[in-house]
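Residue-level listing of the chains:
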Amino acid sequence: MEKDIFCKIIDGEIPCHKVYEDDDVLAFLDISQVTKGHTLVISKKHYDNFLTIPQEEMHRVMDVAQRIGQVEVKLLGARGVNILTNCYPAAGQTVMHFHVHVIPRYNSEEGFILEMKNNAEGLNLPALAKEIKKEL
Ligand code: 5GP
């Protein structure tokens, strides 16, 4: 099977601007820099996404993402941070290797726009909550 681009970065076949590395986790600057400091935190072992990575390994990645967010607020003067992980193409995932975006936010006129519209009309929220809850 063809290696995905992040597996190639882990194996040193493609260069990256590394900000953190340990035995399980690698973090590097996203090539697109939607805002200054936009960083990707990935698991070194291949998993497709957040929904398929084992919990303990996911926690290690999230710990590093939190730390990078804290440092970027302090160091780069970001006024906020978005922590984002896309799962499957329907949700915008383009690289099928689990990764967390750390996106520092400085002002409203920057490269990242997140819009959440209210679509609750017509939904039966008590029934929906009950349906989800019984599977957890
Ligand atoms: P996704 O859309 O899957 O959530 O995010 C994939 C991200 O990987 C994108 O933000 C894209 O800019 C980044 N990316 C894709 N190829 C490379 C690469 O070769 N190097 C780096 N540093 N980032 C990459």
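The structure contained in this document is the topic of the report that follows. (Residues numbered from 1 in each chain as written. Predicted model: local features only at pLDDT ≥ 70, side-chain atom pairs only at ≥ 80, totals over all residues. Heavy atoms only, no water.)

Quick look at the environment of Tyr-47
Stage number 1. Mapping Tyr-47 onto the fold places it in the loop between β3 (39-43) and α2 (55-76).
Stage number 2. Taking the relative accessible area as the measure of exposure, Tyr-47 reaches 13% and is therefore buried.
Stage number 3. Taking the C-alpha atoms as reference points, Tyr-47 and Ile-31, 16 residues apart in sequence, are found 21 Å from one another.
Stage number 4. In terms of polar contacts, Tyr-47 uses its side chain to reach the side chain of Glu-57, at 3.0 Å. (Helix = DSSP H or I, 4+ residues; strand = E, 2+ residues; numbered from the N terminus. Buried < 20%, exposed > 50% of the residue type's maximum accessible area, 1.4 Å probe, protein only. Polar contact = N/O pair within 3.5 Å; in protein donor to acceptor, adjacent residues only side chain to side chain.)

Details of unusual backbone geometry
Stage number 1. One non-glycine residue with positive phi stands out, namely Gln-33, at about 45 degrees.
Stage number 2. Take Gln-33: it is sitting in the loop between β2 (25-29) and β3.
Stage number 3. For Gln-33, a relative accessible area of 29% gives the class partly exposed.
Stage number 4. Unusually for a residue other than glycine, Tyr-88 sits at a positive phi of about 75 degrees.

Concerning the pairing of strand β5 (residues 99-105)
Stage number 1. Counting buried positions over the seven residues of β5 gives seven, a clear majority of the element.
Stage number 2. Along β5, one buried face is formed by His-99, His-101, Ile-103 and Arg-105 and the opposite face, lined by Val-100, Val-102 and Pro-104, is buried too.
Stage number 3. Pairing of β3 with β5 involves four bridges; the strand directions are antiparallel. Across the sheet, the residue bridging to Leu-40 is His-101, located in β5. (Pairing = 2+ DSSP bridges.)

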